[in-house]
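One letter stands for each residue in the lines below.
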Amino acid sequence: MTKSKQSPTIHLTGVDTTESISRRRFLSAMGIAGGALAASQFGLPFIGKPINSAFAASSKNEVPFSEKLPLRIYGNDAYPTYFRRPLPLDAPRVRYPGFKPGSEILRKGTIRRKGAMPLPCDIMFERDLAITLRDGTVIYTDVFRPVGDAVYPAILAWSPYGKEIGGQWLDEIPERYGVKLSMTSEMMKWEGPDPAYWVNAGYAVINPDIRGAYRSGGNIVGWGRQTAEDGCDVIDWVASQGWSNGKVGMAGNSWLCVSQWFIAAEQPPHLAAIAPWEGCTDIARGDFLRGGIPRTAFPEALIQSFGGEHFLEDMPRMAATEQDMTPYWADKAARLERIEVPAYIVASYDNVAHTYGTFDAWRRISSKEKWLRVHNKQEWPDFYDPAHQAELKRFFDRYLKGEKNGWEETPKVRISVLDPGHKDEVDRIVEAFPPNGYEHIKLHIVDASSLSTTSPKESGVVSYNVNGGSATFLLPIDHEAELIGYSKLRLFVEADGADDMDLTIYLEKVDSEGRAIIRETYPGGAAPTRTASYLRVSRRALDPALSTEIDPVLLLQGEQRLSPKEVVPVDIGIWPLAMKFHPGEQLKLTIEPFRNDPVNLPFGQAAIDLPKNSFTFEPSTEPEMIHLAGGGPATMPAWAKSQEVMPPSRNKGVHHIHFGAECDSYLLVPLKKL
């Protein structure tokens, strides 16, 4: 075998960001202000208004679309970016109830759906209100607020999911993940705050269809500068309304959480507090290019339920074609240090997209008033849990209403310690995360199936075929112990039959026989609890400015392909975890080939009936209903599915894991004996 040199040649895989874009598409995508800018900077003709007719005509054609259009990013007002077509508004899985500008008072006791929670108070509902953004683009929002002439703070929910049902809903999730229909009014947008609860508490709830979503103008974009500036514009609009007290908060899961990092970093003056509930902060390293692999399966399954009349930023195609940390991806790394508003941050350990980013945000934001709570459930039942809604209300009451309610006495960091097979510990108060006292120890790979605190006496190799093979290593635990914090895996690897390797790493607790221990995270939902990590070996170079001994961060610049029989060391970061072990249980490490297999999400499939002539109705009546039929992927137009991007794995042949002597492969874990 041969060892790789210390400074291998790195071949850059960046793209030419000067690629030409048709003048008509360029000006149309840029809008009025952008068109004027393009005319002055690039010598393009500016005709005084956006050219939307060409886009409208193209979007109605029964053909796929994949072209580069200009996108506003930090440092570049027109970065060439792939866009595709979203689903048309009449597609069954979009479930669009129609454009209906107007207002009505929703009466106490009425319901949105049969079986949903009756409204606890009268609500002023304003539907499809127009908001003009700084570039002239018009988007539409729904507003729920208390009835009367008083002024109130507002909570903004930012996402492209649809402000009324849309392409994702709890009905299509088994057991609604424990969020019973009777627990919500069903007036919220997907993963957002429930207007019935918050209006009754003296808040307005703002549910916009963001740029490009449904009837809103422009193209749907995925975070970065455009999202930040649009969010600022909407917050300014909210604060200018006669019913507003001038203070706005943000709340929500996933996309709604990620958006908060970007918008808050822009420091809009009327944003008074945020409540991010599990959200990635670096879209490349944390999701689309995690481990240096274009991981498009989940994003594809998600965006294929988006609806709009224009275009949709094609982030899966950007991940497949622009794999370095270019200005495009740098724009999608939140500027966390610029966030200064009070923050109530909620995280978990087993979210495949959001765990690392949520903890990273808690560490890095500049807010002096910030709290972290780590739960042990799935994010949706945690968000809608009545106790957690009440706690979030105390937080917002303090910073959006100015109430002196003692919120500051809330412990700054509370964590859960998972204990599959036993009872999880919830709300353990600690001084920080990771807490003090959890020193890292090396667990060496010592043979074909074992980990040990002592180095192996002899060197060896563990091999598996990429077509279904894997390698597993176990460490028996003979005492009470806890693993809390970040871990790292150092491997010496070799590819036989390929010049690259795509790896998936799992870390979990198993029983004495090596069997998975099942843990319930929502009623009826039980699965093993494990962390997942990934690496494309050619992308192994680390960013020296961001990496630490226990938290290696990929550089994402260039690649280093493997030569035949070349053995190289790689460092793989393992996301935060807090796990309890009992005597007889084992820590299990699994190494297997990564596969970019399609993800079959149930989104958009449930049929949902809504009242046709009013937003809510009396429970005892049978009003005429709109039937939103829903539908699975088979109901999508053929052109929509053909836009999908699923880069294949580079795995071929056999993977070799070397251990012992100069190839000391080991797991570095914060494991503490109790």
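Preceding this paragraph is the structure being described.
Residues numbered from 1 in each chain as written. Predicted model: local features only at pLDDT ≥ 70, side-chain atom pairs only at ≥ 80, totals over all residues. Heavy atoms only, no water.

With that out of the way, let us pick up the overall build of the chain. In terms of helices and strands, the chain carries 13 helices and 31 strands. For the chain, whose C-alpha radius of gyration is 26 Å, the value lies close to the compact-globule estimate of 26 Å for 674 residues. Taken along the three principal axes of its C-alpha coordinates, the chain extends 80 × 60 × 45 Å. Residues classed as buried in the chain amount to 62% of the 674 residues present. Pairs at least 24 residues apart make up 76% of the contacts formed inside the chain by residues separated by at least 6 positions. Summed over its atoms, the accessible surface of the chain is roughly 24800 Å², and 51% of this surface lies on carbon and sulfur atoms. (Helix = DSSP H or I, 4+ residues; strand = E, 2+ residues; numbered from the N terminus. Rg over C-alpha atoms; globule rule 2.2 N^0.38 Å. Buried < 20%, exposed > 50% of the residue type's maximum accessible area, 1.4 Å probe, protein only. Contact = heavy atoms within 4.5 Å. Areas by Shrake-Rupley, 256 points an atom, 1.4 Å probe, with all protein chains shown as cover.)

So, about the environment of Glu 566. Within the fold, Glu 566 resides in strand β25 (residues 566–581). Residue classification places Glu 566 among the buried residues on the basis of a relative accessible area of 12%. Polar side-chain contacts of Glu 566 include one of 2.9 Å to the backbone nitrogen of Ser 563. (Polar contact = N/O pair within 3.5 Å; in protein donor to acceptor, adjacent residues only side chain to side chain.)

Read across the open sheet, the 11 strands follow the order β4-β5-β6-β8-β7-β9-β10-β12-β13-β14-β15; overall the sheet is mixed. On the outer flanks of this sheet lie β4 (102–106) and β15 (425–429), each paired with one strand and no other. Across the sheet, the mean angle from the axis of one strand to that of its neighbour is 20 degrees, orientation sign disregarded. Taken strand by strand, helix α5 (residues 255–265) contacts β9 (244–253), β10 (271–277) and β12 (343–347), and its axis lies near 130 degrees from that of β9. Each of β7 (152–156), β9, β10, β12, β13 (370–374) and β14 (413–417) touches helix α12 (residues 386–400); the most contacted strand, β10, lies at about 160 degrees to it. (Pairing = 2+ DSSP bridges. Axes fitted to C-alpha atoms, helices over the stretch in contact; angles between N-to-C directions.)

Below, the discussion takes up the sheet that holds strand β26 (residues 586–593). Spatial strand order, β19-β26-β21-β24: four strands in an open sheet with antiparallel pairing. Every interior strand has two partners, whereas the edge strands, β19 (471–476) and β24 (530–536), have only one. Taken over all neighbouring pairs, the strand axes of this sheet differ in orientation by 15 degrees on average, direction set aside. As judged from the seven bridges shared by strand β21 (residues 502–510) and β24, these two strands associate in the antiparallel manner.

The omega torsion across Phe 433 and Pro 434 is -5 degrees, close enough to zero to call that bond cis. Structurally, Pro 434 is set in the loop between β15 and β16 (441–445). A positive phi angle is found at Arg 95, which is not glycine, with a value near 50 degrees. Among the secondary structure elements, Arg 95 is positioned in the loop between β3 (76–84) and β4.

This part is about the pairing of β19. Of the two faces of β19, the one lined by Ala 471, Phe 473 and Leu 475 is fully buried and the one lined by Thr 472, Leu 474 and Pro 476 carries no buried residue. Examined bridge by bridge, β19 and β26 share six bridges and lie antiparallel to one another. Along β26, the bridge assignment pairs Phe 473 with Leu 589.

Counting 181 residues, the largest nonpolar core has Trp 329 and Phe 396 as its most contacted members. In this structure, Trp 329 is in contact with Ile 283, Ala 284, Phe 288, Leu 289, Met 315, Met 318, Ala 319, Glu 322 and Asp 324, ignoring residues within four places of it in sequence. Formed by five residues, the second largest nonpolar core is a distinct cluster that contains Ile 293, Tyr 506, Tyr 534 and Phe 594. (Core = buried A, V, L, I, M, F, W, Y, C linked by side-chain atoms within 4.5 Å.)

Relative to the elements of secondary structure, Asp 382 occurs in helix α11 (residues 379–384). Of the residues examined, Asp 382 reaches a relative accessible area of 0% and is grouped as buried. Separated by 2.9 Å, the side chains of Asp 382 and Arg 373 make a polar contact. In this view, Asp 382 contacts Trp 277, Val 346, Arg 373, His 375, Lys 377 and His 388; residues no more than four positions away in its chain are not counted.

Our focus in this paragraph is the pairing of strand β8 (residues 204–209). Most of β8 is tucked away, with six of its six residues classed as buried. Summarising the sheet, strand β6 (residues 138–146) and β8 pair through five bridges and their orientation is antiparallel. Residue pairing in the sheet places Phe 144 in a bridge with Val 205 of β8. Where β7 lies against β8, three bridges are found, and the strand directions are parallel. The residue bridging Leu 156 from the neighbouring strand is Ile 206, located in β8.

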